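# Observations on the model geometry
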Amino acid sequence: MATLEKIRSKSVLLFVIIIVALLAFILGDFLTSGRTYFGSGTAVAEAKGKKIDYTLYQQQMERAQEQSRNYNNEVDNDELAQNMIQGLIGQELLKQEYEDLGIRVSDNEISEAMTGVMPHPAAQQFIYTMSQNLGFDRIDGKAVLDAIKNPAKYNLPLEASNQLSAAWAQTEQDVEQAMLQQKFYRLVQGLFTANELDARSVYNDNASTRHIAYATKGYNTVATEDAQVTDADIKAAWEKDKNSYRIDEETRMVDYVYVVIEPSAADRLAGQQAVEDAIVALNATEGLAAVDADSRFVSTSMTQPASRITDKALREFIVSAEDGQAQIVTNTRDSYRIAKRIASSEQVDSINVSVLGLRNASDADSIVAALKAGAKWSDYVAGTDTQGQDSVWVSLVGANVDNRLKDAWLAAAVGTPTVINDTIQGQPVAQIFKVNKRIAPVTVYDYAVINYTVDPSNATLEKLNTDLRTFIAANSNGEEFSNNAAEAGYSILSASVSASQPHIANVADSRQAVKWVMDAKKGQVSPVIGDNKQSYLMAIAVKDIYEDFIPWNAPAIRAELERKASVKKAGDKLIADFAGKANDVQGYADLFGGEVSEGDVIFVSPRVATIGIRESALQGAIAGAAEGKVVGPVAGNNSIVVFEVKSVSDESRPYTFDEYAQRFNRTMGIGIVDPFKMLLGDNKIENNSLNFIQSIEN
């Protein structure tokens, strides 16, 4: 009882200890895994209330990576991950659209898409591959499905049948999604199809050509002091085009130094010495014993005639060298290629043979007799009890040909059918062959190619790390980091970074650095960051943080805004100087110190006569001007312009709805709409993928 009373008296303390332990466990897991238990949880991304669970994202990533490996495609996994997130968000948004619009795909539609005469494009590769692998003579979805359902009928093991069944189900899902998207986009396309007003508008925009006379005065004629701009001018230019600087997610501006990890001069000198020592040893010993024990040297042995050595430098050395001789064939900065000629001999390079495999070995003598009596070899190539090939060239040098068969081919008389008997698992088997042609012996070389790469030494790696760490320690805030980098021998690079970017600028395998940037505070400097391949080191300073817009004073856009503000100031000054000072275009040309020019203007063309392109203000003024009236000065992109519409001509081609409706659809239809942005609208994607990356410790 006394013990129980002690436990009761300490119950509050025990409760507190348990709670603290649980919190320590939760926070510990949070800090080590990077996941949040009070925020997005397992959602790797979210938009419009639609969440992408990390497990689904991971499954799709693994599938995409496996497909890339199957097709021998090298992919950037960080880029793949961000594309995958956007794709999965798009799928979720589309699902909502399908539900709202009542779009469905029936079982019959999917069945027809998988097993019909012409499989759906999303299923064609799968059906084609499986049809080939199962030995069908044509693409046949029904037969593939039958093989999956009845594996014994096609001699398929149960494990293979289960794998095919899973692949079939996945392909059905892919087909369903593709068909839903097709139905949705066909529906949406109807919203972007030209009506009578649209077609007529396109016709009017293209039909009218305005011939103008004009004079210009360039902004470059304005004195520099008269076009100087203030912060207020720059901010006004930003306000005018503010939406051009809108950003979809929080963006951070960074300065960074990028150090390529490469061998030092001492490393290269040591590498050169290692190669020279290896060549001396290779020339003094037989075979490759001199380098076999050194993992820095990677050897590949070959047996080939000179005609098959495609590399010119290698071929010239192998042919001219003596047996046992080695030398450097190529040297490209940090990569050496050494060749050693080991031996040479005279061998038959290749022969032309016809071969037959027999189901029943006892038939061999009768078939040979028939062939000698004049029967055609081709009659047996695809027989019931025989399979083979007629007149094929086979390489005998360096190829994986059974030595017994090779010896028989070399010993046989040309043109004489010959039998080779053998047993497989105790059963007699036979093969018939006939040598049709045997090329005369050629010189065959046994040689080795030894590759050596100079890698950065541990001392070099440590020095690069130490130097960068020392620089960071001495410049621990963003301003010092950027201002003092050049003095320390580093070049400053700049980039914008957001959670959905796979890299810092174009630096491959730098997603962990993105994680650090998005977790850091303004002015903070990172520790040394590197990649798993030890190809670079990096240090980063966060210069600024933007949320909805890139601000007017951001270095990334300030120069552009200064130019716009300066152009406006120059235009305003020239207009104030010349407006109303002449009555016709010639008078203005005289005032401008130039000549009158003439040209044609079509409203939909991006070019305005010889004045320039994307002159929207000027183009609008010309389109609305009355014929014979002097207009201007008008501020253009690079000059002020005074013009007169001399004549207006209409296109001789008559209006037809079909022609101009097609033009509308090409230029303003669904084809120019970004479907993802259309579905997302004004909403933003909350990209939480960085929460699943280990934080970098400072």
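Residues numbered from 1 in each chain as written. Predicted model: local features only at pLDDT ≥ 70, side-chain atom pairs only at ≥ 80, totals over all residues. Heavy atoms only, no water.

## Points about the overall build of the protein
Put simply, the test is: Put simply, DSSP H or I for four residues or longer makes a helix, DSSP E for two residues or longer makes a strand, and each gets a number counted from the N terminus. For the radius of gyration, the atoms used are the C-alpha atoms, and the globule rule reads 2.2 Å times the number of residues raised to 0.38. Buried residues are those whose accessible area, probed at 1.4 Å on protein chains only, stays under 20% of the maximum for their type, while exposed residues exceed 50% and partly exposed ones sit between those limits. The contact criterion used is simple: two residues touch if any of their non-hydrogen atoms lie within 4.5 Å. Positive: Lys, Arg. Negative: Asp, Glu. His and the chain ends are not part of the count. For this purpose, a charge sits on NZ of Lys, CZ of Arg, CG of Asp or CD of Glu.
Along the backbone of the protein there are 24 helices and 21 strands. The C-alpha atoms of the protein give a radius of gyration of 38 Å, which is well past the 26 Å a tight globule of 698 residues would have. In terms of overall dimensions, the protein has a C-alpha envelope of 110 × 100 × 75 Å along the principal axes. When burial is assessed residue by residue, the protein has 37% of its 698 residues classed as buried. Here the contacts in the protein between residues at least 6 apart in sequence split such that 69% fall between residues at least 24 apart. Charged side chains in the protein number 66 positive and 92 negative. The centres of these two groups are separated by 2 Å.

## Concerning the layout of surface pockets
Picture a little ball the size of a water molecule; that probe, rolled over the atoms, points out where space is still empty. What counts here: A pocket here means an open set of points on a 1 Å grid, computed over the protein atoms alone, that has protein on both sides within 12 Å along at least five of seven lines. A cavity is instead a set of points where a 1.4 Å probe fits but cannot get out; residues with an atom within 4 Å of a point line either one. Grid points are joined across faces, edges and corners, and a volume is the space filled by probe spheres set on the points. Under the convention adopted here, Pro, Cys and the residues Ala, Val, Leu, Ile, Met, Phe, Trp and Tyr are nonpolar, Asp, Glu, Lys and Arg are charged, and Gly plus all remaining residues are polar.
A volume near 1200 Å³ is recorded for the largest pocket. Contributing to the lining of the largest pocket are 30 residues, with Arg63, Gln67, Gln170, Thr171 and Asp174 lying nearest its centre. Where the lining of the largest pocket is concerned, the elements lending two or more residues are α3 (54-70), α4 (77-101), α6 (121-133) and α8 (158-189). Sorting elements by how many residues they give to the lining of the largest pocket places α8 first, with 10 residues. A per-class count over the lining of the largest pocket returns 10 nonpolar, 13 polar and 7 charged.

## Remarks on the sheet that holds strand β1 (residues 43-47)
To keep things clear, this is the line we draw: Two strands form a pair only when DSSP identifies at least two bridges running between them. Axis angles are defined between N-to-C directions and span 0 to 180 degrees, where every axis is a line fitted to C-alpha atoms and, for a helix, only to the segment in contact.
Strand order in the open sheet made by the 3 strands is β2-β1-β21, with antiparallel pairing throughout. Each of the sheet's edge strands pairs with one partner strand only, and the pair in question is β2 (50-53) and β21 (686-687). Across 2 bridges, β1 lies against β21 in antiparallel orientation. Pairing of Glu46 across the sheet is with Glu686, part of β21. Docked against the sheet, α3 engages β1 and β2, running at close to 60° with respect to β2.

## Some thoughts on unusual backbone geometry
Here Gly632 and Pro633 are connected by a cis peptide whose omega angle stands at 5°. As for its placement among the helices and strands, Pro633 is situated in strand β19 (residues 630-635). The phi dihedral of Ala609 falls on the positive side, at around 45°, and the residue is not glycine. Here Ala609 shows up in the loop between β17 (607-608) and β18 (612-613). Look at Ala609 and you get buried, because its relative accessible area is 12%.

## Some points on the nonpolar core
To be explicit about the condition: We define the nonpolar core as a collection of buried residues of types Ala, Val, Leu, Ile, Met, Phe, Trp, Tyr and Cys that are connected through side-chain atoms lying within 4.5 Å of one another.
Val44, Tyr57, Ile89, Trp168 and Phe184 are the most contacted members of the largest nonpolar core, which has 41 residues in total. For this core, the secondary-structure elements that each account for two or more residues are β1, α3, α4, α5 (107-115), α6, α7 (141-149), α8 and α24 (675-680). No other element matches α4, which puts 9 residues into this core. Setting aside anything within four residues of it in sequence, one finds Val44 in contact with Ile52, Asp53, Tyr54, Tyr57, Ile85, Glu686, Asn687, Asn688, Ser689 and Phe692. In terms of nonpolar packing, the next biggest core, distinct from the first, is built from 21 residues, Val254, Ala495, Ile529 and Leu690 among them.

## Here's the deal with the sheet that holds strand β16 (residues 597-602)
Strand order across the open sheet formed by 4 strands is β16-β3-β20-β19, with antiparallel pairing between neighbours. The open sheet terminates on both sides in strands that have one partner only, identified here as β16 and β19. The sheet shows a mean angle of 35° between the axes of neighbouring strands, taken without regard to direction. As paired strands, strand β3 (residues 208-218) and strand β20 (residues 639-650) are joined by 11 bridges and run antiparallel to one another. Residue pairing for β20: Ser208 is matched across the bridge by Asp650. Contacts between helix α20 (residues 555-578) and the sheet are confined to β3, β19 and β20, with β20 contributing the most and set at about 75° to the helix. Lying on the sheet, helix α21 (residues 585-592) is in contact with β3, β19 and β20; it crosses β3 at an angle near 30°.

## Some points on the packing of aromatic side chains
Convention followed: Stacked, edge-to-face and tilted labels apply to pairs of Phe, Tyr and Trp rings (six-membered ring for Trp) whose centres lie within 6.5 Å, assigned for plane angles under 30 degrees, over 60, and everything in between, in that order.
On inspection of all chains with the given rule, the structure shows 13 aromatic pairs. Ring plane angle 80° and centroid distance 6.2 Å describe the contact between Trp238 and Phe549, whose orientation is recorded as edge-to-face. Linking Trp238 in helix α10 (residues 231-240) with Phe549 in the loop between β15 (536-546) and α20, this pair joins segments that are 311 residues apart in sequence. Across this residue pair, the class does not change: Trp238 and Phe549 are buried.

## Considering the packing of α6 against α8
Let me state the cut-off plainly: We call two directions roughly parallel when the angle between them is under 35 degrees, roughly antiparallel when it is over 145, roughly perpendicular when it lies between 65 and 115, and oblique otherwise. Should the near helix be turned anticlockwise from the far one by less than a right angle, the crossing is termed left-handed; should it be turned clockwise, right-handed.
For the pair α6 and α8, interaxial distance at closest approach is 8 Å and the crossing angle is 155°. Taken together, the axes of α6 and α8 lie roughly antiparallel to each other. When you trace α6 past α8, the crossing you get is left-handed. Mapping the contact onto sequence places Ala122, Ala123, Phe126, Ile127 and Met130 in α6 and Leu164, Ala167, Trp168, Thr171, Asp174, Val175 and Ala178 in α8. Grouping the amino acids of the contact of α6 with α8 by side-chain chemistry returns 10 nonpolar, 1 polar and 1 charged.

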